[in-house]
Every structure is written in C-alpha cells, then in structure tokens.
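Okay, here's what each chain looks like letter by letter:
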Amino acid sequence: MRPVFFIAINLNLLLQIKQIIFYFDDYNLFICIQNYTIMNKFQLLLLFIGFNLFAQKQVPNLNLANLEGKSISLQSDFAEKDKLYIFSFWATWCTPCISELDELNDLQEEWKKAINFEIVAVSTDDSRTQKRVKPLINGKGWEFNVLLDTNQDFKRAMSIVNIPYTIVVKNGLIVHIQNGYVPGNEKELFEKLKTL
Amino acid sequence: MKNRIIALMVFYAIGVNAQEVVPKEKLNFYGGFESNSQWYLNDKPLGVDHPETPLRSNDYLFLNLKYKKWTTGIQVESYDDAALLNYNPRYDKTDVATYFVQYKNEKIDLTAGYFYEQFGSGLLYRSWEDRALGINNALRGGRVIFKPTSYFTLKGIYGRQRTGFDISQGEVYGVDTEIVLSELFQFKTTELSFGLTYVGREEAITAIANPKYNSLTNGFAGRIDFNHKAFYLSSEYNIKSRDAIVEVKEQISHDFIKPGSALLLNMGYSKKGFGVDGTFRRLENMGFFSERDAKGNAYNDRIMNFVPSLTKQHHYNLANIYVYQAQPNVLLADETLLKAGEIGGQLDVFYNFKKQTLLGGKYGTKVALNLSNWHTLGGKFYLPKKDYDTDFLGFGKKYFSDYNIEITKKLSPKWQTVFTYINQYYNKKLVEETFGVVKTNILGAEATYKFTDSKSIRVLGEHMWADYDKKNWSASTIEFNLNSKYSFFASDMYNYGNDEVDMRNHYYNLGGAFRHKSTRIALNYGRQRGGLVCVGGVCRFVPESSGVSLSLNTTF
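Residues numbered from 1 in each chain as written. Chains lettered and ligands numbered in written order. Predicted model: local features only at pLDDT ≥ 70, side-chain atom pairs only at ≥ 80, totals over all residues.

What follows is about the overall build of chain B. Looking only at helices and strands, one finds 3 helices and 30 strands in chain B. Rg of the C-alpha trace for chain B: 25 Å, near the compact-globule value of 24 Å for 556 residues, within the 12% margin. By its C-alpha atoms, chain B is 70 × 65 × 60 Å across when sized along the principal axes. (Helix = DSSP H or I, 4+ residues; strand = E, 2+ residues; numbered from the N terminus. Rg over C-alpha atoms; globule rule 2.2 N^0.38 Å.)

Structure follows, in structure tokens:
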C-alpha cells in the first residue's frame, strides 16, 4: 500500500470524535476515526469498512422509470456481458452536469469505435423540475438512455451527496466512480474505460 | 442510546466479517459518509458575532448490507456540538436516525423500518431526505409494493414520520395504484397510464371538546400520463378533506375549517433540437403536516407533501436572492394580505441552432427560454369572520414572475460561453408576509477556457438592478481547475447599491476542493449572505455568518 495522501483533522465530529485520519492510495481508502469515549468498537467497524473497499459493489436492486414511463431494472436491464454502462447522475438545474453530458454526447460516437459502452443519464430532478427533463434532452439533442430517479432512491442507495457523479458498471458490478466533473474529466474517463 | 449504536455496529461488523465465508458477490456491503462542519467567527465589519457554540458539525454515516433479496441499512447522524445554524433544534447530538430491512423480488417489495416514498408528483404525499435543508421526513412503519404484472403496481404504507431523532404524533396511511394501459393493450407508439392515491393523516384532537372537524384527514388523488411520439401530457388532481386551518404557527383555528385541493397540468412537445413544455398549477389550502400545528414551522419539519415552487432554479448567486416559494397556505391577515393558495404557470422553450447555420456558427448555439408567473387565488374573502370562496380560475394579486433567457455558445473547442438575462417581480409583502415589491433585472455572463485537457478556468460575472429592499448588487466568481483532483474558487457578492451605506457589504468566499474517486473534500472561508437557501424549490432560512467550513463526502 502506497501512502499517497494523508490528512489528519482535529475536529469535534461524529460521536465526539477527536481525530479523523484519511489515508488513501490508488486501491484503498481508510477512514480512521478516533473517539475517546467508545473508541474501540467504532474504530473496529471503520477498519472493516476499510478492508471491504477491496470488494466490488453490486448495482442496487432498484427499478426506475424511463422517459416513456416504462419501469427499468438496474440489475436485469443493463446486463450485457462485458459491456460498460456509464451511469451519469445529473439534474436540469446542474450546470456542470449539463456540460459533462454535452461533452459525452459529442464524444460517444468516436469512443464507441474503441469500446463497447452505453451512457445512461440518471436524472435526479424531483417533481419540481422533472417535467423539464424531456424537452431539455431533446432540445440539446442528446442521445442517451434516460432514467428518472424522482425520489432519489438510486442516488440515496449510492450515498451520493453532490452531482455530477458518475459510476461505471460492468457485469453488474461497480468498477469505477467519479465524484464531480471539471472540463477535461471526460478524457480521463475514456482512458479509464479502456482499462476496465 | 450509545449501547444501541454499538449493538448495531457490532451487527454490521459481524455481517462484514461474514463476507469471508460466503461468496463475495452474494454479500454486499456499501454505504457513505458525509460531514459538513463550520467554524463560525466574529466578523465586526459585517456586524455578526459567532454563536455561543462556534464549532458545529452535521455528520451522516449510512451503512447497508445486502444479501440475495434482503437489504438492511442504518443511518447514524451526529450534530455536535450543535447542528449548523438554523437547522431544526430537534437535530441534537448523536443518535441512530433511520434503519430498515427490505425484501425485494420481481413481484413484491416489503420494507419494515424507515422508508421514503412518493405518490404521483408528491402533492399529497412525499417522504424524502435533503441534508442541505435538514429535511428527513422518512416514515417509520411498513411498506408493501406489489407488482403482479408489468402494468400494475399497488403500494401500501403505514407509519409515523421522523421528526429530529423522534417520531411525530400523527399517523399516516397511504395506498397508491398505478395501471399502465398502454402495456396492457400493447400500444406501439403511445404510452398511457393512470394512478389513484389515498393518504390519511390521523391526529387526535385533545385541545377542545366536540371539535367540528375529524381527527382523520383524508386525501384523494387521481393522475394520468399520456405520451404520443413527440407530444406528452400529464395531469393530477388532489383533494384534501375538511380540516382546521392554521394561519399562524402553532395556532389551530378550531372554527375556521376548510377543504383543500390541487390541480397540476403539464404538457409539452419535443423533438430533436427543439422542446417546449408548459405547466399550470392551482393550489388551495394544501399545507399538509403530520401534526396540524406544525404548519408554518421554519424547518419543513413534519411536512407530508411536496409543494415545490414551479420556477427555474437559477445557478447565478444574484438570481437566488429573491426566490419564490410555493404558496399552498391560507392567511387572512387584513384586506391587503389575503392568501388561500396560488395559481399560475411556467413555460420552457429549448432550441438548438444547428452547427454550420447563421445563428449556430461552427459549434452550434443552445437557447433556453423560461417564463413563470404566479398569483394569489381570486375570490371572495370575509373578514373578520374568517372565511373565503375562491373562483376556480380566479387570478388575484401577483406574487412573482420570472422571465429569463439563457444562451450557450461554444466558440471554439477551448472556449465555452453562457449569457443570461433574468427579469423578476417579487412581491415581498405577499410571499414573505412583510413589506414591499421588488423588481429586478439581472445580467450574467460566464466563460470557460480550457488550457489543456484537464486544466481550465471559469469566470462568471453578474449584475442585478433592483428597485427596492437592498437594491443593486454585483457579483463575480473565478474557478480554477488545476487538474481532475484539485480545484479552487474565489467569489464575491457586493451589495453596493444599498441605501444604508454601512450595509454595503461584500460577501466574499474562497475555497478549494479535492476529489479522488468517490471522495470529495472541500474547504471554504468566507461570508454567508443571510436569506433563503433553496434546494428543489424548498427553502431554508439561514442567518448571516462568517467562518470556515469543511465538507467531506465519500462512499464505500
């Protein structure tokens, strides 16, 4: 394990925690939270979480509606063997999300020459803005599959705090996560996809 | 309580440990951690003193375990030493917040414990979590979802709502059915579905003897969704049975008893490069809480339905100073302040000028136009007797309007620009129940320049002309993305036009963020403008403050 990044923050956090230590390299993330009152058990638990990071995670067992109102299963409808499914979480009011999807839309034809993949734009819009999804997608001319996560079940199951947020799924397992987007991330994503 | 936490954690530890003896793909452990901490500082020029507890933190740990068709989860929350400013005081210290056990196969989905659910658009019932707003109204009880065929779904819920680390007094019952006729009759190019909802809220009336209304309040709704090629239409109608009105927080008017209703109508047409969408909504007395006297509380605590403002959610700082909030409630204060709900609509147009055309240029031009307009319900209002008769299509005084256009233009592979113009009308007196009307014009421009594939800069400038209240503002933001891991920003909002010279404050902020895979850490120093923080059309009031904030989120 190569220690690449290490920070210690002294803050009065969860469970009167006195210290949090982050440790991660390319393969692991350890969060070590020290608590002087109930330290042992909590630390033990987080250690288990740390070890568990080696394991690949399954896609949650959820059904979401697509734009035509059809119920789509995350597990059984995205199950082509060895195909990469890029689930990109976005919303109509999220500018960086729209920039990312604009870029991906422009690039996907070219990428498809090299990799077998499919982009699924997961709209986290609630009923305030959900009706804007369809005209926006058509207005933009995006060619993605779109799922509506209206009550944010998928987002919650993935513990997503901020969007844009991208997960890559292969054979039902989550093989890559990208939290956030800045211009240029799409190139990095493409390089990553080639290795998955 | 600590024992409970430890017990649950040990349970998880065992669960995680067990992974070594069963095949990996069968036992799945996942979760997330989020922490938002703030160190409040004194800021003499701004005129704010830090609160008594200056170091505060909101933290959420969410753990799940999945085995075959079974999933179980727990969320522990901590607000220590206290929750961030103006969060619900019921969020206090550390405790188990939610937990659940779920069994799900193709036909049946059973949940016991805390769950989130939404019927239709949520105008009668929605439970959801929004940590930025401090909303978590998950229901604690049970839920059954039965889907015997692909075209029929039946849901039943029962429970009591979460409030802080406790649960509310009121009981909630609900049934929702949906039938997809187009699948039943195998239509090729048309989608058609119907839904019916019932929601009941039972809260004992103990304040008075022989009340003139029932302890059980019933809500019924019907909805239709229709889609044919490029055209779509949906509508929903909700009614709520007679119930005592709460005009002022915590004061139930036992003699002012009215029913409520909501009508939502949406239609649109879209094809490649063009989209138009229109929404009409009429709300009358649709505030719905699991405890009657919770209505009007500042934290959206014990709220049962989702009544978002149907306006565009702008990403410009200055366009979020005068934000409309939906007006489902009744208030008959005096002849000039009479509210029984709202009526109005919103229109969106999206158009993409193709590449290689006159207006499209080399890379195309995208235009988004949005118009919204909201009024009080018109009708007859009786004071001081307290009663009203509304007209179905009666438009009363104007609450709010927002007319805006956004043009996105890619100038070259390196340059991307966005121009925005926004015109707003905000009737502060009617919306906030205070004084005055504010009319604003806002201009915004932003440009992103890519130095290399991963290095970019984004510059944003805004100006707002306002004729009342705090008057003119200017604002700017610079964001520098060093590479895919690090980014930095600096921003300032300057209220230079304020009539009171010593209120002409700068609200500056600077910060940076680090991202790696599923982890994001952000550090920020600066001033928070007092006012509404809104997410998805629901708002939370925050006071002015100054300080350092650290936020972190990760998943595992």
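Now that the structure has been shown, we can carry on.
Quick look at the overall build of chain A now. Across its full length, chain A carries 5 helices and 11 strands. For chain A, with 196 residues in total, the buried portion stands at 45%. Within chain A, contacts between residues at least 6 apart in sequence are counted, and of these 57% link residues at least 24 apart. (Buried ≥ 20, exposed ≤ 12 C-beta atoms within 10 Å, placed from the backbone. Contact = placed C-beta atoms within 7 Å.)

Residues and elements named next belong to chain B. Topologically, Leu283 is positioned in strand S15 (residues 274-284). For Leu283 and Gly141, which are 142 residues apart along the polypeptide, the C-alpha to C-alpha distance reads 29 Å. Setting aside chain neighbours within four positions, we find Leu283 in contact with Ala262, Val307, Pro328, Gly341 and Glu342.

Residues and elements named next belong to chain A. Along the chain, the position of Leu67 falls in the loop between strand S5 (63-66) and strand S6 (71-73). A tally of 19 C-beta atoms within 10 Å means that Leu67 is categorised as partly exposed. With 93 residues separating them along the chain, Leu67 and Ile160 place their C-alpha atoms 22 Å apart. When residues no more than four places from it in sequence are discounted, the contact partners of Leu67 are Lys134 and Val146.

What follows concerns the sheet that holds S6 of chain A. Residue and element names in this part refer to chain A. On the basis of which strands lie adjacent, the open sheet formed by 8 strands has the order S4-S11-S10-S7-S8-S9-S5-S6 and mixed pairing. Each having just a single partner strand, strand S4 (57-58) and S6 make up the two edges of the open sheet. Where strand S7 (residues 84-90) and strand S10 (residues 165-170) come together, 6 bridges link them in antiparallel fashion. Note on S10: the bridge partner recorded for Ser88 is Thr166. Strands S7, strand S8 (117-123), S10 and strand S11 (173-179) of the sheet are contacted by helix H5 (residues 185-195), whose axis makes an angle of about 160° with S11. (Pairing = 2+ DSSP bridges. Axes fitted to C-alpha atoms, helices over the stretch in contact; angles between N-to-C directions.)

We now examine the nonpolar core. For soluble globular proteins, nonpolar side chains are generally found buried alongside one another. With 39 residues, the main nonpolar core has Phe87, Trp90, Val120 and Ile163 of chain A as its most contacted residues. Elements represented by at least two residues in this core include exactly S7, helix H2 (95-111), S8, helix H3 (133-140), strand S9 (145-148), helix H4 (153-157) and S10 of chain A. A total of 6 residues in this core trace back to one element, the largest contributor, which is S7 of chain A. Excluding anything up to four places from it in sequence, Phe87 of chain A contacts Val120, Val122, Thr166, Ile167 and Val169 of chain A. Membership of the second largest hydrophobic core comes to 27 residues, among which are Leu124, Tyr125, Ala138 and Val307 of chain B. (Core = buried A, V, L, I, M, F, W, Y, C linked by C-beta atoms within 7 Å.)

Before going further, it helps to examine H2 of chain A. All names here are of chain A. For H2, spanning 17 residues, the distance from its first C-alpha to its last is 24 Å, which sits close to the expected 24 Å at 1.5 Å a residue. Along H2, the residues that are buried comprise Pro96, Cys97, Ile98, Ser99, Glu100, Leu101 and Leu104. In this fold, the buried residues of H2 make contact with S7, S8 and H5. (Expected span 1.5 Å × (residues − 1).)

We now examine H3 of chain A. Residue and element names in this part refer to chain A. H3 sits mainly inside the fold: 8 of its 8 residues count as buried. Listing the buried residues of H3 in full gives Val133, Lys134, Pro135, Leu136, Ile137, Asn138, Gly139 and Lys140. In the stretch just after H3, Gly141 is the one whose phi turns positive, near 75°.

Segmenting chain B into domains produces domain 1 (1-73), domain 2 (105-305) and domain 3 (308-556). Relative placement of domain 1 of chain B and domain 2 of chain B: their C-alpha centres are 29 Å apart. (Domains from an automatic or database assignment.)

Before going further, it helps to examine the environment of Asn138 of chain A. Looking at the secondary structure, you find Asn138 of chain A in helix H3. A sequence separation of 79 residues divides Asn138 of chain A from Val59 of chain A, and the C-alpha atoms of the two residues are 28 Å apart. Look past the residues within four positions of Asn138 of chain A in its chain and what remains in contact with it is Ser270, Lys271, Lys272, Phe274 and Gly275 of chain B.

In this structure, the amide linkage connecting Ile163 of chain A to the following residue, Pro164 of chain A, adopts the cis form with an omega of 0°. With respect to the helices and strands, the residue Pro164 of chain A is situated in the loop between H4 and S10. The step from Leu383 of chain B to Pro384 of chain B runs through a cis peptide bond, and the omega angle for that step is 0°. As for its placement among the helices and strands, Pro384 of chain B is situated in the loop between strand S19 (365-382) and strand S20 (387-410). In this structure, Lys386 of chain B takes a positive phi of about 65° despite not being glycine. Considering the arrangement of structural elements, one finds Lys386 of chain B in the loop between S19 and S20.

Turning our eyes to something else, we now look at the confidence of the model for chain B. Residues and elements named next belong to chain B. Here chain B shows a mean pLDDT of 90. Residues at 70 or above account for 94%. Here residues 5-24 is modelled with pLDDT under 50, and outside its nearest four sequence neighbours on either side it reaches 28 contacts, counting other chains as well. Across the interface, the model reports ipTM at 0.84; the global pTM reads 0.86. (pLDDT = per-residue confidence, 0-100.)

On any regular strand, side chains alternate: one points to one face of the sheet, the next to the other face. Residues and elements named next belong to chain A. Here S4 pairs with S11 via 2 bridges, running antiparallel. Considered in S11, the bridge of Lys57 is made with Ile174. Looking at chain direction, S10 and S11 are connected through 6 bridges and run antiparallel. Opposite Val169, over in S11, you have Ile174 as the bridge partner. Hairpin connection of S10 to S11: 2 residues between the antiparallel strands, including Asn171 at a positive phi of 50°.

Residues and elements named next belong to chain B. In the sheet, strand S26 (residues 506-516) pairs with strand S27 (residues 519-528) via 8 bridges, with the strands oriented antiparallel. Residue pairing in the sheet places Asn509 in a bridge with Gly526 of S27. Connecting the antiparallel pair S26 and S27 is a turn made up of 2 residues, with Lys517 showing a positive phi of about 50°. In this structure, S27 lies alongside strand S30 (residues 545-555), joined through 9 bridges in antiparallel fashion. For Ile521, the partnering residue across the bridge sits in S30 and is Leu552.

Quick look at the confidence of the model for chain A now. Residues and elements named next belong to chain A. Confidence in the prediction for chain A averages 76 pLDDT; 71% of positions are at 70 or higher. Low confidence marks residues 1-20, where pLDDT is under 50. Its contacts with residues over four positions away, or in another chain, come to 51 contacts. Segment residues 22-41 is flagged for pLDDT under 50; beyond a separation of four residues in sequence, or across chains, it makes 54 contacts in the model.

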